[in-house]
Amino acid sequence: MTSARRVLVVGAGGLGSPVLRLLARSGVEHITVVDDDVVDESNLHRQTLYTTADVGLSKIDRAMRVLRELSPALSVSGVEGRFVPSTAIDLLLEHTLVVEGADNLATKFLVADAAHLCGVPAIQAGAVRWSGWALCALPDSACLRCLFEDIPQGRIETCADAGVVGPVVGVLGGLEAALALRVLRGERPGGELWHYDALRGALRKTFVRRRNDCPLCSGEIQDLRTERYTAACAA
Amino acid sequence: MSVTVRIPTPLRTLTGGADEVAVDGATVAEVIDHLEANHPGMKDRLCDEKGVRRFVNIYANDEDIRFLDNLETALKEGDTLSIVPAIAGGASR
């Protein structure tokens with residue numbers, strides 16, 4: 001049964017670290033964390049949930065331990081693995097909202113699609129180098145596909161190959177947590193798109209409108225067929 | 001007529017690191033053409049044969065040009081164009 005404040009966090013890395021820390025003590029009743037990776041020393045500058053002692057250990061195990069230490073009353077569970085189409089719907093239906101901090105666009109679009117199909121608000125973000133964005137998508141507002149249409153192929157930088165500055169994901173993760181808490185308290189920030197550019201010292205908010213030809217909002221996408229995500233990844 | 005174009009970090013390799021450039025043009029299309037002339041390679045990063053690439057957003061001031069006149073959106077002196085590309089990043093994988 002879905003209670004009022006159950007949050008699914010996809011990715012326990014650079015974005016997920018501040019999201020998890022901030023939500024843990026903000027009145028959220030339950031957090032489920034999804035990640036398939038281990039702690040890597042090269043990521044510690046931005047993955048602030050972890051220490052050098054955690055290197056090589058499961059991020060899910062470490063993240064759950066940190067969350068329990070931060071907030072003993074918080075209910076926490078972990079899913080060690082990737083967020084995939086076969087389990088996405090069931091996971092979403094158990095939660096009030098999803099906060100996404102994945103580092104690949106296929107997962108971002110999968111989260112957007114699954115959340116929309118389940119009627120669950122999605123808070124999403126992306127960051128590379130010195131800048132990034134954060135978006136709030138409510139079931140009746142613009143979604144990630146209204147903004148970027150489909151999974152880009154080629155020429156897209158990810159933090160895995162271009163890197164990302166630690167404070168950038170810190171700020172964007174903080175923005176995601178703020179958007180999540182606003183949704184949980186009944187506000188409707190759907191369509192808000194925040195842009196952060198650390199080099200310019202600029203934080204800006206714009207508003208994404210729903211596109212009539214958005215395949216998700218128009219109902220064209222009605223399932224999570226795996227090839228929609230894997231084909232783009234393989235391209 | 002000069003407008004200011006905000007360049008996102010992934011495209012700053014084409015502008016010598018500049019985060020903002022002043023470009024002439026009365027429409028978004030003209031600005032992109034001038035951007036290409038001054039910073040070769042830019043147009044290909046922003047547009048394909050159908051228009052603006054689907055994973056790139058261009059805002060005229062704070063409005064998505066898809067809700068205006070797309071590449072034919074008229075600009076006036078002092079306007080700002082912002083380019084917002086799709087980027088991933090957060091977890092380590």
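Residue positions are given per chain, counted from 1 along the sequence in the order it is written. Chain letters start at A and ligand numbers start at 1, both assigned in the order the entries are written. This being a predicted model, a pLDDT of at least 70 is required before a residue's local features are given, and a value of 80 or more before pairs of side-chain atoms are given or counted; all residues contribute to the totals for chains, interfaces and linings.

Caption draft 1: Representation of the overall build of chain B within the structure. Where helices and strands are cited, they refer to DSSP runs of H or I of at least four residues and of E of at least two residues respectively, numbered from the N terminus. In terms of helices and strands, chain B carries 2 helices and 7 strands. The order of helices and strands in chain B, counted from the N terminus, is β-β-α-α-β-β-β-β-β. Whereas a compact globule of 93 residues would reach a radius of gyration of roughly 12 Å, chain B reaches 13 Å, a difference of no more than 12%. Over its C-alpha atoms, taken along the principal directions, chain B stretches across nearly 45 × 30 × 25 Å. Partly exposed residues are those whose C-beta has more than 12 but fewer than 20 other C-beta atoms within 10 Å; 20 or more makes a residue buried and 12 or fewer makes it exposed, with C-beta atoms placed from the backbone. For chain B, the proportion of its 93 residues judged to be buried stands at 42%. We compute the radius of gyration over the C-alpha atoms and compare it with the globule rule, which gives 2.2 Å times the number of residues raised to the power 0.38.

Caption draft 2: Here's a closer look at the environment of Arg6 of chain B. Residues and elements named next belong to chain B. Of note, Arg6 is situated in strand S1 (residues 2-6). A C-alpha to C-alpha distance of 11 Å links Arg6 and Asp79, two positions 73 residues apart in sequence. C-beta atoms are first placed from the backbone for all residues, and any pair lying within 7 Å is then listed as a contact. The contacts of Arg6, once residues within four sequence positions are left out, are Asp19, Glu20, Thr80, Leu81, Ser82 and Ile83.

Caption draft 3: Structural context of the pairing of S1 of chain B. All names here are of chain B. Burial along S1 is one-sided: the face carrying Val3 and Val5 is buried and the face carrying Ser2, Thr4 and Arg6 is not. Criterion used throughout: strands pair if DSSP finds at least two bridges between them. Relative to strand S7 (residues 80-85), S1 runs parallel, the two sharing 3 bridges. Bridging across to S7, Arg6 finds its partner in Ser82.

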